[in-house]
Amino acid sequence: MKLKRLCFGILTAAAFAAATVGASAQDIKIGYNGDLSASPSAQSGQAAVLGMEAAIADINAAGGVLGRKMALVTRDDTSAPPKSIQNMSDLIDNEKVTAVFGPTNSGNAMAWKHIANQKKIPVLGNVGSGTDITKPMSPGADNYMFRVSMVDREQVAALMAYVKKNAAQSKVVGLMAETTGYGQGGLKDMEEIAKLQDIKIAATERFGVGDTDMTSQLSKMKSANVDTVVVWAQGTPIAQLVRSMEKINYFPLVLTSWAADNITFYDAAGKTLAEKPLFMRTVSETRTPAQQKLFDRIGTKLKAPGSFSFALHGYDSVMLYAEAVKQANTTDGSAVRLALEDLKTPVQGVLKSYNKPFSKTNHEALTAKDLVWIRWKDGKLMPFSDSMISSLSAADYKQ
């Protein structure tokens, strides 16, 4: 099973890496800049591209935008910030794209967001979830970074709201995070929102993204009597964390980032341990008819069915961009940015219907109320609920 996934992933990555195809001079060219081959998150980038391609096919079949067809140019940044910066300049200066989508990894967006803002090219993030990605370069500055995806701080707000509601069982809380920019950004959010929720943190531990044994950090948690651990890391290290819990027979309640939906987490953790963490994402494997229709179109091309959420983000991000171009009656970046910040017409996506999703000060299309609580069950990403979740309201998501 894992070997088949690996072979399929290599072939899929090669196909994506070569995808600079078929655009004419009249087409509206948009770019995807993100990891399509290197890190465990590459399957997310591949899924986003599949969703974007499906949206472009639907738009073109309906006559295009402003009488022009859309075309996608992809660039694989192999999860490396220098390569991602190079790709950004290539897409804008050489390929002449009118907008960029992605990236797969949050740190890469932070490495090149200044380029998009300087050159006034709208970016619609559809994978990376780092909180600071969509913040303006300076207070009040025009901001070209938008997002149709999960947001770390929105997730953390919901997880900490759960901890607060669960106070009878979550009496001693610990935080754990990987040492990457992704992990440390999430740790910052966790610490700040814990303070807002008046949740005392008994212990904080860090681990490397490539670590396979976290028993030392977990032993410190156990010694501090921590009964609830909130974790921010990518899929594989989360798996190594729960495997380390098994080594010392220590299983606190584990609340974690959405990276636990990654098939690399499931494969590394195994069926039983994969069912330990509780997390959030934008869709479960219980799909709406529209979502099922898209899945039927692209599902066989996904490296893992669990990555389908990114295909939804990819599809909807293109639909929102197309509507902004139509409203602006141009692909000029400044005009499209203004249109995105004040969309007059609701946009029907496959994830949700977007009614004025953005504003001058808010560039996030999805918030905590759009997220679904998830737990792995029998190898599937299934919706989860309990008395705490059912009692949560918008007022509980302090951030």
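Heads up: the structure comes first, above all this text.
What counts and how
Residues numbered from 1 in each chain as written. Predicted model: local features only at pLDDT ≥ 70, side-chain atom pairs only at ≥ 80, totals over all residues. Heavy atoms only, no water. Helix = DSSP H or I, 4+ residues; strand = E, 2+ residues; numbered from the N terminus. Rg over C-alpha atoms; globule rule 2.2 N^0.38 Å. Buried < 20%, exposed > 50% of the residue type's maximum accessible area, 1.4 Å probe, protein only. Contact = heavy atoms within 4.5 Å. Pairing = 2+ DSSP bridges. Right-handed = clockwise from strand over helix to strand, strands pointing away. Expected span 1.5 Å × (residues − 1). Arc of directions from axis to C-beta. 1 Å grid on protein atoms, 1.4 Å probe; cavity = no way out; pocket = protein on both sides within 12 Å on 5 of 7 lines; lining within 4 Å. Points joined across faces, edges and corners; volume = space filled by probe spheres on them. Nonpolar A, V, L, I, M, F, W, Y, C, P; charged D, E, K, R; others polar. Core = buried A, V, L, I, M, F, W, Y, C linked by side-chain atoms within 4.5 Å. Axes fitted to C-alpha atoms, helices over the stretch in contact; angles between N-to-C directions.

Next up on the list: the overall build of the protein. A count of helices and strands for the protein gives 14 helices and 14 strands. In terms of overall dimensions, the protein is globule-like: its C-alpha atoms have a radius of gyration of 20 Å, near the 21 Å expected for 399 residues. Its C-alpha atoms put the protein at 65 × 45 × 40 Å along the principal axes. A burial count over the protein gives 57% of its 399 residues as buried. Here the analysis covers contacts within the protein between residues at least 6 apart in sequence; of these, 71% occur between residues at least 24 apart.

In terms of strand pairing, strand S6 (residues 173-178) meets strand S7 (residues 201-207) through 6 bridges, oriented parallel. Pairing of Leu175 across the sheet is with Thr204, part of S7. One crossover worth recording links S6 to the parallel S7 by way of helix H6 (residues 181-196), and it is right-handed.

Counted at 1.5 Å a residue, the expected span for H6 with its 16 residues is 22 Å, and the 23 Å between its end C-alpha atoms agrees. Within the span of H6, buried status applies to Tyr182, Gly183, Gly186, Leu187, Asp189, Met190, Ile193 and Ala194. Viewed along the axis of H6, the buried residues span an arc of 165°, placing them on a single side of the element. Turned more than 90 degrees away from the buried face of H6, the exposed residues are Gly181 and Lys195.

It is worth spelling out the layout of surface pockets at this point. Taken as a whole, the largest pocket spans an internal volume of roughly 500 Å³. If you trace the largest pocket, you find 27 residues lining it, with Ser41, Thr104, Asn105, Tyr182 and Gln234 closest to the centre. Sorting the residues of the lining of the largest pocket by element identifies helix H4 (106-119), H6 and helix H8 (235-247) as the ones contributing at least two each. By residue class, the composition of the lining of the largest pocket is 9 nonpolar, 17 polar and 1 charged.

This part covers the nonpolar core. Core analysis: the biggest nonpolar cluster contains 110 residues, and Ile30, Met70 and Tyr321 have the highest contact counts within it. If one sorts the elements of this core by residue count, helix H12 (residues 308-328) sits on top with 11 residues. Filtering out sequence-adjacent residues up to four positions away, Tyr321 remains in contact with Ile28, Ile30, Met70, Thr98, Ala99, Phe101, Leu124, Thr331 and Val336. Membership of the second largest hydrophobic core comes to 14 residues, among which are Val73, Ile115, Ala116 and Ile133.

In this section: the sheet that holds strand S4 (residues 123-125). Strand order across the open sheet formed by 5 strands is S2-S1-S3-S4-S5, with parallel pairing between neighbours. Taken across any chain shown, the strands that pair with only one partner, and hence form the sheet edges, are strand S2 (70-76) and strand S5 (145-147). Ignoring which end each strand starts from, the neighbouring axes of this sheet average 25° apart. With 7 bridges connecting them, strand S1 (residues 28-34) and S2 associate as parallel partners. For Ile28, the partnering residue across the bridge sits in S2 and is Met70. The strands touched by H4 within the sheet are S1, S4 and S5, with S5 carrying the most contacts at an inclination of about 115°.

A word on the environment of Asp27. With respect to the helices and strands, the residue Asp27 is situated in the loop between helix H1 (2-17) and S1. Accessibility expressed as a relative area gives 13% for Asp27, which makes it buried. In sequence terms Asp27 and Glu53 are 26 residues apart; their C-alpha atoms lie 14 Å from each other.

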